Amino acid sequence: MGVTVVRNADWAIAWDEAAKSHVYRRGIDVAFDGNTLTHVGSGYAGPADRVIDGRQRMVMPGLVDIHSHPGHEPAYRGIREEHGVPKMHMTGLFERSQAYGAADDATRSASAEVACCELLRSGVTSVVDIGPAWDGWADLMAKSGLRAFLAPGFASARWKLENDFELQYEWDENGGRKRFEAALKFIDGLAKHPSGRLSGVVSPMQIDTCSAELLRDGLAAANDRKLPFTVHIAQGVTEVQEMLRRHGMTPIQWAAGIGILGPTTILGHAIFIDRHSWIRESTDKDLGLIGGSGCTVAHCPTPFARYGHLLESFGGYLRAGVNMGMGTDTTPHNMLEEMRQASSLARIAARDIHSVSIADFLHAATVGGARALLRDDLGRLAAGGKADLVIVDLECVDMQPARDPLRSLVFHAADRAVRDVYVDGRQVVSEGRVLTLDQADAAGRLAEAQARMMAAVPQRDFRGRSADEITPLSLRLG
Ligand SMILES: [Zn+2]
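Residues numbered from 1 in each chain as written. Predicted model: local features only at pLDDT ≥ 70, side-chain atom pairs only at ≥ 80, totals over all residues. Heavy atoms only, no water.

(A) Examining the overall build of the protein chain more closely. Scanning the protein chain from N- to C-terminus turns up 16 helices and 20 strands. Here the protein chain has a C-alpha radius of gyration of 22 Å; the compact-globule value for 478 residues is 23 Å, and the two agree. For the protein chain, the spread of C-alpha atoms along the principal axes amounts to about 65 × 50 × 50 Å. Counting every position in the protein chain, which comprises 478 residues, the buried fraction comes to 59%. A separation threshold of at least 6 residues defines the contact pool for the protein chain, and within that pool the share at least 24 residues apart is 74%. Counting 52 positive and 60 negative side-chain charges, the protein chain places the centres of these two groups 2 Å from one another. (Helix = DSSP H or I, 4+ residues; strand = E, 2+ residues; numbered from the N terminus. Rg over C-alpha atoms; globule rule 2.2 N^0.38 Å. Buried < 20%, exposed > 50% of the residue type's maximum accessible area, 1.4 Å probe, protein only. Contact = heavy atoms within 4.5 Å. Lys, Arg positive; Asp, Glu negative; His and termini not counted. Charge placed at Lys NZ, Arg CZ, Asp CG, Glu CD.)

Encoded structure:
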């Protein structure tokens, strides 16, 4: 691969190790040899096999997405944006996963290919992909060129609905144990994948669908392998009510009690804590438990905002010592737009413009995520780190005037200004086009897969409704 130098970058977002923060640098060179950054600073004088003109460009670290479901979320485009169940505190998760579930491998493959293209075009270079394992998963993620942390899900129970107000659980501890063993086998195989860019995350799916034993054993298996551990928790009011009924405490308090909160744990969402305005429990200790344990929260505001749900608040979590990371739970997998959305919602939740800054969200979407993945060689432009970087086009009209290019990028241009992306030293996006995958072809296959999924809805829905009855079109067909 040789040495590549971005020469005279007008702007760069470089890592200041002493201050532990990103800083702007002007007019510097960024060099990488193979998959490793070798120089971030002025006056690079070493050898160069390839020189990129950095004028009218900003070089920044690739973004780290620590929570996503590429294998099915794009299949819900046009279906889930306005789907929710008021008697389940607005979430559509349970109804949708029952009625629209059971994707086949062809659906997962098309869906994941679309998602990977969205991720790459918005500057993501590392992604945590959570879902059931499917044939071809590792190979597709390797082909995408992304640095992929695959999280094959397992659980002791399944959600079940027979009406629109009561969530039921079908427990199968032995089945969950078998899926756990299969997940570990899959994860252990990833380290041997020839791409060298795949690894695993141990992922019991939800706090309410897993037994304490399965959760504890999952964390122990992750620790044995020096891998991260993740679980969905405090993602819905219904879940909190169920845990209060079962254990007399919130999901966060129960998780702390069984010993699964710690510096290698990533909490998916952690929105509905005891003090949340929709919960109003008598205690006020969940945030302290999360922050005190060193956990990461994977913050993905878009799907929740669509239900009317809000994390209260991002700035408050930071000040409680929580390591915040960012994810794109649903489609579009546009991390830059997710950061924009997150910054607005955090200010609404706090009723304070200075509660957060866009620098906080850049930190979360880079080094916050890297810390959660136990990888200090990702999410920063610093010599010795991995060559995962994004070149932003300052000449893009949507960036102009580019007085503060990070603000121009996040608040205005987003993916439209993402020109080139490198992962592990290899170029995977050129002039905004993904080089490794074919989004248009995948989108065609995804439309066919969505039609198959919708046709099966009446057999799966508890009232036998059609997909169009559960999720009508946004406008009446005239
Ligand atoms: Zn999720």
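Moving on from the coordinates now.
(B) Geometry of the packing of aromatic side chains. What the rule picks out here adds up to nine aromatic pairs. Relative to W171, the ring of Y169 has its centre 6.3 Å away and its plane inclined at 25°; by these criteria the two rings are stacked. Classification of W171 by relative accessible area gives partly exposed; the value is 44%. When the ring centre of F462 is taken as origin, the NZ or CZ atom of R465, which lies over that ring, is 5.0 Å away. (Phe/Tyr/Trp six-rings, centres within 6.5 Å; stacked < 30°, edge-to-face > 60°. Lys NZ or Arg CZ within 6 Å of the ring centre and 35° of its normal.)

(C) Quick look at the pairing of strand β16 (residues 323-326). Here β16 shows two buried faces, one formed by N323 and G325 and the other by M324 and M326. Pairing of strand β15 (residues 296-299) with β16, which is carried by four bridges, proceeds in the parallel orientation. Across the sheet, the residue bridging to A298 is G325, located in β16. (Pairing = 2+ DSSP bridges.)

(D) Broad picture of the environment of G27. Here G27 is to be found in strand β2 (residues 21-33). Residue class for G27 comes out partly exposed when judged on its relative accessible area of 39%. Not counting chain neighbours up to four residues away, the residues in contact with G27 comprise N8, A9 and D10.

(E) Region of interest: unusual backbone geometry. The peptide bond linking E312 to S313 adopts the cis configuration, its omega dihedral lying at -10°. Note that S313 resides in the loop between α9 (301-307) and α10 (314-319). That bond from Q400 to P401 is cis: its omega, -10°, falls within 30 degrees of zero. With respect to the element layout, P401 can be found in the loop between β17 (389-393) and α13 (405-413). For K226, which is not glycine, the phi torsion reads 55° and is therefore positive. If you trace the backbone, K226 turns up in the loop between α5 (212-224) and β13 (229-233). Phi is positive for A270, close to 45°, though the residue is something other than glycine. Examined against the element boundaries, A270 turns out to sit in the loop between β14 (265-269) and α8 (286-293).

(F) Here's a closer look at the packing of helix α4 (residues 173-190) against α5. Here α4 crosses α5 at 10°, and the two axes come no closer than 11 Å. Taken together, the axis directions place α4 and α5 in an arrangement best described as roughly parallel. Across from E173, G176, R177, F180 and L184 in α4, the residues of α5 making contact are E213, L214, D217, G218 and A221. Here the residues of the contact of α4 with α5 are counted per class, giving four nonpolar, two polar and four charged. (Axes fitted to C-alpha atoms, helices over the stretch in contact; angles between N-to-C directions. Parallel < 35°, antiparallel > 145°, perpendicular 65-115°, else oblique. Nonpolar A, V, L, I, M, F, W, Y, C, P; charged D, E, K, R; others polar.)

(G) Local environment of the coordination of the zinc ion. Protein coordination of the zinc ion is provided by H67 (NE2), H69 (NE2), H232 (NE2) and D329 (OD), with donor distances spanning 2.0 to 2.5 Å. Here the zinc ion binds four donor atoms, and the angle range of 82 to 149° at the metal identifies the geometry as irregular. Taken in sequence order, the residues that donate to the zinc ion follow the motif H-x1-H-x162-H-x96-D. Residue H67 shares its accessibility class with H69, and that shared class is buried. (Donors = N, O, S within 2.8 Å, 3.2 Å for Na, K, Ca; no water. Tetrahedral: all angles 85-135°; square planar, octahedral: opposite > 155°, others 65-115°.)

(H) Broad picture of the pattern of salt bridges. Tallied over the full model, the rule gives 28 salt bridges. Between E118 and R77 there is a salt bridge, with the nearest N and O atoms lying 2.6 Å from each other. In this pair, E118 is assigned in helix α2 (residues 105-121) and R77 in the loop between β6 (63-68) and α1 (93-99), connecting sequence segments 41 residues apart. R77 sits in the partly exposed class, given a relative accessible area of 38%. In this structure, K160 and E162 form a salt bridge, with 3.3 Å as the shortest nitrogen-oxygen distance. Shared partners join several salt bridges into a network, and the residues in it are R57, D393 and E395. (Salt bridge = Lys/Arg side-chain N within 4 Å of Asp/Glu carboxyl O.)

(I) Structural view of the environment of G268. Examined against the element boundaries, G268 turns out to sit in strand β14. Look at G268 and you get buried, because its relative accessible area is 0%. Measuring from C-alpha to C-alpha, the distance between G268 and S68 comes to 9.8 Å, with 200 residues separating the pair along the chain.

(J) Region of interest: helix α11 (residues 335-350). Helix length check: α11 (16 residues) gives 22 Å between terminal C-alpha atoms against 22 Å at 1.5 Å per residue, within 8%. Among all positions in α11, only M335, L336, E338, M339, A342, S343, L345, A346 and A349 are buried. Two residues or fewer after α11 comes R351, characterised by a positive phi angle close to 55°. (Expected span 1.5 Å × (residues − 1).)

(K) Focus on the environment of G175. On the secondary structure map, G175 appears in helix α4. When its relative accessible area of 11% is taken as the criterion, G175 is described as buried.

(L) Fine view of the packing of α11 against helix α12 (residues 358-372). Running from N to C, α11 and α12 point in directions that differ by 130°, and their axes come no closer than 10 Å. Here α11 lies oblique to α12, going by the angle between them. Between α11 and α12 the crossing geometry is right-handed. Contacts between α11 and α12 involve M335, M339, A342, S343, A346 and R347 from the first element and I358, F361, L362 and A365 from the second. Its residues assigned to classes, the contact of α11 with α12 comprises eight nonpolar, one polar and one charged. (Left-handed = near helix turned anticlockwise from the far one by under 90°.)

What is shown is where atoms sit, not what they do.
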